[in-house]
Amino acid sequence: STALKTGEIVLVQELNPEIEKAIQQRFPNAQHISNAAVIIDAMVKKTRFEETPHILVDVESSFSELYVIQKGQLLLLTQFETATSEDILFHIANACDQLKLDLSKSHLLLTGCVEIGDHTYKLLKNYAPNLRMHFGFTFSKMAKELSTVKKQEFMSLLNQYACVS
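Quantities reported herein were computed from a predicted structural model and do not represent experimental measurements.

1. Examining unusual backbone geometry
In this structure, lysine 71 takes a positive phi of about 50° despite not being glycine. Residue classification places lysine 71 among the partly exposed positions, given a relative accessible area of 44%. Even without glycine at this site, lysine 100 takes up a positive phi of about 55°. Of the residues examined, lysine 100 reaches a relative accessible area of 74% and is grouped as exposed.

2. A short note on the sheet that holds strand β6 (residues 107-112)
As a general point, the strands of a sheet are linked pairwise by backbone hydrogen bonds and lie either parallel or antiparallel. If you trace the five strands from one edge of the open sheet to the other, you get β5-β4-β3-β6-β7, paired in mixed fashion. Each edge of the open sheet is held by one strand with a lone partner, namely β5 (73-81) and β7 (131-133). Strand-to-strand twist in this sheet, taken as the mean axis angle between neighbours without regard to direction, amounts to 20°. In this structure, strand β4 (residues 63-70) lies alongside β5, joined through eight bridges in antiparallel fashion. Paired with valine 68 across the strands is leucine 76, a residue of β5. Along the sheet face, helix α5 (residues 119-127) touches β6 and β7 and points at about 150° away from the line of β7.

3. Regarding the nonpolar core
If you look at the biggest cluster of nonpolar residues, it comprises 23 residues, and the most contacted ones within it are Ile55, Val57, Leu66, Ile92, Leu108, Leu110 and Leu124. Mapped onto this core, the elements with two or more residues apiece are β3 (54-59), β4, β5, α4 (85-99), β6, α5 and β7. At five residues, α4 tops the list of elements feeding residues into this core. Membership of the second largest hydrophobic core comes to eight residues, among which are Met43, Val44, Leu56 and Tyr67.

4. Concerning the pattern of salt bridges
Throughout the structure, instances matching the rule amount to two salt bridges. The residue glutamate 51 makes a salt bridge to lysine 71 at a minimum N-O spacing of 3.5 Å. Of this pair, glutamate 51 sits in the loop between α3 (35-47) and β3 while lysine 71 is found in the loop between β4 and β5, placing the two residues 20 residues apart along the sequence. One salt bridge connects lysine 105 with aspartate 102, and the closest N-O pair in it is separated by 4.0 Å. Classification of lysine 105 as exposed rests on a relative accessible area of 58%.

5. Quick word on α4
Between its first and last C-alpha atoms α4 spans 22 Å; for 15 residues at 1.5 Å apiece the expected length is 21 Å, and the two agree. Listing the buried residues of α4 in full gives Ser85, Ile88, Leu89, Ile92, Ala95 and Cys96. The arc that holds every buried residue of α4, seen down its axis, measures 130°, which confines them to one face. Counted as exposed and oriented over 90 degrees from the buried face of α4: Phe90, Asp97 and Gln98.

6. With respect to the confidence of the model for the chain
When pLDDT is averaged along the chain, the result is 76, and 64% of the positions lie at 70 or above. Model confidence for the chain, summarised as mean pLDDT per element, is weakest for helix α1 (residues 2-6) at 45 and strongest for α4 at 95. Confidence over residues 1-7 falls short of pLDDT 50; this stretch has eleven contacts with residues more than four positions distant or in other chains. Below a pLDDT of 50 lies the segment residues 136-145, which in the model reaches 16 contacts outside its immediate sequence neighbourhood of four places, other chains included.

7. Structural notes on α5
Looking only at α5, the buried set comprises Thr120, Tyr121, Leu123 and Leu124. The buried residues of α5 occupy an angular sector of 165° when projected down its axis, which confines them to one face. Among the exposed residues of α5, those pointing more than 90 degrees away from its buried face are Lys122 and Asn126. Between the side-chain oxygen of the N-cap and the backbone nitrogen of threonine 120 there are 3.3 Å, and the N-cap of α5 in question is aspartate 118.

Cut-offs used in this document
- Residues numbered from 1 in each chain as written.
- Predicted model: local features only at pLDDT ≥ 70, side-chain atom pairs only at ≥ 80, totals over all residues.
- Heavy atoms only, no water.
- Buried < 20%, exposed > 50% of the residue type's maximum accessible area, 1.4 Å probe, protein only.
- Pairing = 2+ DSSP bridges.
- Helix = DSSP H or I, 4+ residues; strand = E, 2+ residues; numbered from the N terminus.
- Axes fitted to C-alpha atoms, helices over the stretch in contact; angles between N-to-C directions.
- Contact = heavy atoms within 4.5 Å.
- Core = buried A, V, L, I, M, F, W, Y, C linked by side-chain atoms within 4.5 Å.
- Salt bridge = Lys/Arg side-chain N within 4 Å of Asp/Glu carboxyl O.
- Expected span 1.5 Å × (residues − 1).
- Arc of directions from axis to C-beta.
- pLDDT = per-residue confidence, 0-100.
- Polar contact = N/O pair within 3.5 Å; in protein donor to acceptor, adjacent residues only side chain to side chain.

Structure follows, in structure tokens:
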């Protein structure tokens, strides 16, 4: 691609620091955007005219990431360890308390290791009636070596490979 030849590439995948350094040396104009930045940018654009806060929780097996966005502004981004569904609820409630938001009136979006109807979903639904599942970041069915790679990460890798080959 012309962009690759001129060094105007954008990396949308978190990389090993050694690889990132090598790319920066070879392509000084390259920009690196983490996956979180892509999610934040999409949420900010989606909510820029909305008064109601949006809380996105990406639940993994041992940790979760929480994004709070209102009126197109990122209010909070945090990562926390979780062992139980109650841990997730605690951190969401704590974030709402800090930001003086009413969880029952906020839009809560869940993604990751949560299924509709499981314990975490039912627990959060009691406190957040505006709970929705976000399936855009679910896992792909891929070879065993790639089984922990999320779809957006896989697509980023695929795009980067297509640009280089």
